[in-house]
Protein chains: 2
Amino acid sequence: MTTLAVERRNQIEAIINTKKSVLVAELAEQFDVTPETIRADLFKLEKKGILIRTYGGATLSTGSGAELTFKERDVVNAEVKRRIGARAAALIRSGETIFLDASTSALYLARNIKDKHGLTVITNASSIVAELSECENIKLISTGGLLSKRNMSYTGRFAERMIRENFAANKFFFSCKGVTEERGLTDASEEEAYVKQAMMDVSDTVIFLCDHNKLGRKSIPVIASLDRVDTVITDVRLDHEWRNTFEGLDIDIITV
Amino acid sequence: MTTLAVERRNQIEAIINTKKSVLVAELAEQFDVTPETIRADLFKLEKKGILIRTYGGATLSTGSGAELTFKERDVVNAEVKRRIGARAAALIRSGETIFLDASTSALYLARNIKDKHGLTVITNASSIVAELSECENIKLISTGGLLSKRNMSYTGRFAERMIRENFAANKFFFSCKGVTEERGLTDASEEEAYVKQAMMDVSDTVIFLCDHNKLGRKSIPVIASLDRVDTVITDVRLDHEWRNTFEGLDIDIITV
DNA sequence: ATCCTCTTTCTAAAATAATCATAATAATAC
DNA sequence: GTATTATTATGATTATTTTAGAAAGAGGAT
């Protein structure tokens, strides 16, 4: 044996995570083993819930029904979020201080600011810290707090106090679970909502990264009413109703 | 015998730390011993928690594809720190709250508490957060603060305030650059020193993870005088002078 | 739809490779 | 010298991969 079986399965896992699907024949050739061996590998990985076997190969498991973990959410609508993140990054000027929440959209934003200079970034997302930790030109601050393992974000009253008592920022970029006119901005968890409220309260400008999935959706924990938002960045041409709602609240609309 | 057995094991440890996985057959040829000998080596290294044996070889115990942190390439000291970390972990009882600083020794400690229950861990080290982020049984809190990119630790007045105003703990485990009788505990950077001072001030018991490299070494930023320490865990049999120093200050000595 | 063909999957057995248990041997320590 | 430890040798056991033939799916042509 030239490589470890477990190592091969790890690599298959990595491949499917980036390519979203794999072919048995392709992997068999790549690792120089028979298709039967690959099928056995895929069977094991399926039992671990990593992928779903299909005729001829396998696709990424979408964690059906249950709450998506952070890693899984990352790939849903990645292209849309990437576009929104890139547009949002263009709003940031050098020397500014910005808050980023623990949303996937904010992570995509972070990927677009690596070469900006004199920036201070404050976030409660450990993924954003990891993403920017090698940027010498960015002053990177974590809010700290209790680690929420599902989101890999820092939350709770510690995070909230840290934000309110120590920081202020020019801009706050965030996303959330849903938005409706009557209930406003709502999120999946109360703890995240508190953190976002705090960041909102100490920021000059509030920018909502709003892909089409958020529109009309609502959840229980309320972050704030819609009028707290200054700018919305979205990926769809808004219908008349939404356009009227946003314009009535004096919210700038950016479509990407 | 052409090489010492323990030396061969150290080399295997070094190889797996850089290559992330090893093959029994490969190592057997490389060291010109039988596969059985290599298997015995891997068995010993597995018991020490360095690697995980798999069919045909072994992989690193710190998750596949995982990153090696800054100082972990120093394999010889790694073994010492691992021993100290394991001994320190034995001092922790379930239900306790502990502070861990951003030292390599504390990281090794963290690796030994993954199956303890009801623990609350507060740390300013992003490596420790990453290490424990999958432990559902551990309440994990980050101090937050400005990210020091060299150490991947959170420091500064934000971290210090967070600690002093929000937390308290049963035990504080730390290491530092050096210790001498006259100057006490000293560290490489002032920022780290402030964080350690704060953690010390709000902890019941202070436990110093002190491998032999620290003894007699000194640096500029002072953390605290030696009498703030309650327990020292060290890897060498202390000479009379050090023993008298510690015992004179009523410090417990644990040798591993 | 049914039939046909090609491909993939499944199953079980055989082949290969690695591990384990144990005893024997070699090296080192006391 | 003996005691202790490390290494090797051997055969039994177990894990993995391959092989090969049967069953089932996909897709096109009739």
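Below is a summary of the structure that appears in this document. Keep in mind that this is a model prediction, so the values were computed, not measured. All residue numbers refer to position in the chain's written sequence, counted from 1. Each chain is given a letter, starting from A, and each ligand a number, starting from 1, according to the order in which they appear as written. Under the rules for a predicted model, residues below a pLDDT of 70 receive no local features and side-chain atom pairs below 80 are neither given nor counted, while totals for whole chains, interfaces and linings still include all residues. Excluding hydrogens and water, the side-chain values take into account all heavy atoms of the structure.

### Thoughts on the protein's contact with DNA strand D
In step 1: In the region of DNA strand D, 16 residues are neighbours, and Arg8(A), Thr34(A), Thr37(A), Arg8(B) and Thr37(B) sit closest.
In step 2: Nitrogen and oxygen atoms within 3.5 Å of one another constitute a polar contact, given that in protein one can donate a hydrogen and the other can accept it, and given that sequence-neighbouring residues count only through two side-chain atoms. Interatomic distance of 3.1 Å between a backbone N/O atom of Thr34(B) and a phosphate oxygen of DNA strand D.
In step 3: Here a phosphate oxygen of DNA strand D and a side-chain polar atom of Thr37(B) are 2.4 Å apart.
In step 4: Secondary structure elements follow DSSP: runs of H or I of four or more residues count as helices, runs of E of two or more count as strands, with numbering from the N terminus. Counting residues per element, the ones that place at least two in the surface near DNA strand D are helix H1 (5-19) and helix H3 (35-47) of chain A together with helix H1 (5-19) and helix H3 (35-47) of chain B. Any residue with a non-hydrogen atom lying within 4 Å of a molecule or strand is treated as near it.

### Regarding the protein's contact with DNA strand C
In step 1: The environment of DNA strand C is formed by 16 residues, the closest being Arg39(A), Gly56(A), Arg39(B), Tyr55(B) and Gly56(B).
In step 2: Sugar and phosphate atoms represent 61% of those atoms of DNA strand C found within 4 Å of the protein.
In step 3: Glu36(B) is positioned such that a nitrogen or oxygen atom in its side chain is 3.3 Å from a base nitrogen of DNA strand C.
In step 4: Between DNA strand C and Tyr55(B) there is a distance of 2.8 Å, counted from a sugar or linking oxygen to a side-chain nitrogen or oxygen.
In step 5: Where the surface near DNA strand C is concerned, the elements lending two or more residues are H3 and strand E2 (51-54) of chain A together with H3 and strand E2 (51-54) of chain B.

### Observations regarding the sheet that holds strand E7 (residues 145-148) of chain A
In step 1: If you walk across this open sheet you meet the 9 strands as E8(A)-E7(A)-E6(B)-E5(B)-E4(B)-E9(B)-E12(B)-E14(B)-E15(B), and the pairing is mixed. Each end of this open sheet is capped by a strand with a single partner; those strands are strand E8 (153-155) of chain A together with strand E15 (252-255) of chain B. Neighbour-to-neighbour, the strand axes of the sheet open up by a mean angle of 30°, direction not taken into account.
In step 2: Where strand E12 (residues 203-210) of chain B and strand E14 (residues 231-234) of chain B come together, 4 bridges link them in parallel fashion. In the strand pairing of E14(B), Ile207(B) is matched with Thr231(B). Pairing between two strands requires that DSSP report at least two bridges joining them. Convention adopted: a line fitted to C-alpha atoms gives each axis, helices being fitted over their contacting stretch, and angles between N-to-C directions are expressed from 0 to 180 degrees.

### Here we look at unusual backbone geometry
In step 1: The backbone of Met152(A) sits at a positive phi, close to 55°, despite the residue not being glycine.
In step 2: The residue Met152(A) is located in the loop between E7 and E8 in this model.

### A closer look at the pattern of salt bridges
Once the charged atoms of two side chains with opposite charge are near each other, the side chains can pair.
In step 1: Each salt bridge in this description consists of a side-chain nitrogen of Lys or Arg and a carboxyl oxygen of Asp or Glu lying within 4 Å of one another. Considering all chains together, one arrives at 36 salt bridges over all chains under this definition.
In step 2: Residues Asp201(A) and Arg164(A) are paired through a salt bridge, measuring 2.8 Å at the closest nitrogen-oxygen approach. Taken as a pair, Asp201(A) in helix H9 (residues 190-201) and Arg164(A) in helix H8 (residues 156-166) lie far apart in primary sequence, 37 residues in all.
In step 3: Think of it in three bands: residues with accessible area under 20% of the maximum for their type are buried, residues over 50% are exposed, and the middle band is partly exposed, with areas taken using a 1.4 Å probe on protein chains only. A relative accessible area of 39% means that Asp201(A) is categorised as partly exposed.
In step 4: Note that Lys196(B) and Asp101(B) form a salt bridge whose closest N and O atoms lie 3.1 Å from each other. Of this pair, Lys196(B) sits in helix H8 (residues 190-201) while Asp101(B) sits in the loop between strand E4 (97-100) and helix H5 (104-110), and the two are 95 residues apart along the sequence. Each member of the pair, Lys196(B) together with Asp101(B), is buried.
In step 5: Residues participating in the shared-partner salt-bridge network are Glu160(A), Arg164(A), Asp201(A) and Arg228(A).

### Examining the packing of H1(B) against helix H2 (residues 24-31) of chain B
All names here are of chain B.
In step 1: In the contact formed by H1 and H2, the axes pass within 12 Å of each other and the chain directions differ by 135°. Taken as axis vectors, H1 and H2 run oblique relative to one another. Remark: the crossing between H1 and H2 carries right-handed chirality. Contact residues: H1 offers Arg8, Gln11, Ile12, Ile15 and Lys19, while H2 offers Glu26, Leu27, Gln30 and Phe31. Each angle gets one of four labels, with under 35 degrees taken as roughly parallel, over 145 as roughly antiparallel, 65 to 115 as roughly perpendicular, and the rest as oblique. Should the near helix be turned anticlockwise from the far one by less than a right angle, the crossing is termed left-handed; should it be turned clockwise, right-handed. Note on definitions: a residue-residue contact is assigned when non-hydrogen atoms from the two residues lie within 4.5 Å.

### Overview of helix H10 (residues 240-248) of chain A
Residues and elements named next belong to chain A.
In step 1: Turning to H10, its buried residues are Trp242, Thr245 and Phe246. When H10 is viewed along its axis, its buried side chains cluster within an angular range of 90° and face the same direction. Projecting away from the buried face of H10 at angles above 90 degrees are the exposed residues His240 and Gly248.
In step 2: The positive-phi residue at the C-terminal boundary of H10 is Asp250, with phi of around 65°. Within this analysis, the arc is defined by the directions that extend from the helix axis to the C-beta atoms.

### Observations concerning the pairing of strand E5 (residues 119-123) of chain A
The two faces of the sheet receive side chains in turn, since in a regular strand these alternate between them.
Residues and elements named next belong to chain A.
In step 1: Where burial is concerned, most of E5 is hidden: 5 out of the 5 residues are buried.
In step 2: The side-chain alternation of E5 yields two buried faces, one formed by Leu119, Val121 and Thr123 and the other by Thr120 and Ile122.
In step 3: Where strand E4 (residues 97-100) lies against E5, 4 bridges are found, and the strand directions are parallel. Bridge pairing links Thr97 to Thr120 in E5.

### Describing the nonpolar core
In step 1: Membership of the largest hydrophobic core comes to 66 residues, with the highest contact counts inside it found for Leu185(A) and Leu185(B).
In step 2: Counting residues in each nonpolar core, the second largest holds 58 residues, with Leu209(A), Val80(B), Ile138(B) and Phe173(B) among its members. Note on terminology: a nonpolar core comprises buried Ala, Val, Leu, Ile, Met, Phe, Trp, Tyr and Cys residues joined through side-chain atoms within 4.5 Å.

### What about the interface of chain A and chain B?
It is common to give the size of an interface as the accessible area lost on bringing the parts into contact.
In step 1: Counting residues at the interface gives 33 residues for chain A, matched by 36 residues for chain B.
In step 2: In this assembly, chain A packs against chain B so that about 2,600 Å² is buried in total across both faces, 62% of it on carbon and sulfur atoms.
In step 3: Buried area counts how much accessible surface, traced with a 1.4 Å probe, disappears from two parts once they are put together, with both parts' losses summed. Among the residues chain A hides against chain B, the three largest losses belong to Leu4(A), Lys149(A) and Phe158(A). Together they make up 24% of the total.
In step 4: Joining chain A to chain B, the criterion identifies 2 salt bridges.
In step 5: Our count for the contact surface shared by chain A and chain B stands at 10 residue pairs in polar contact (both at pLDDT 80 or more).
In step 6: Contributing elements (two or more residues each) for the side of chain A that touches chain B: H1, helix H7 (126-132), strand E6 (138-142), E7 and H8 of chain A.
In step 7: The dominant element in the side of chain A that touches chain B, judged by the number of residues it contributes, is H8(A), at 7 residues.
In step 8: Just so you know the grouping, Ala, Val, Leu, Ile, Met, Phe, Trp, Tyr, Cys and Pro go in nonpolar, Asp, Glu, Lys and Arg go in charged, and all remaining residues, Gly too, go in polar. Here the side of chain A that touches chain B is composed, by residue class, of 17 nonpolar, 9 polar and 7 charged.

Structural measurements only, silent on function.
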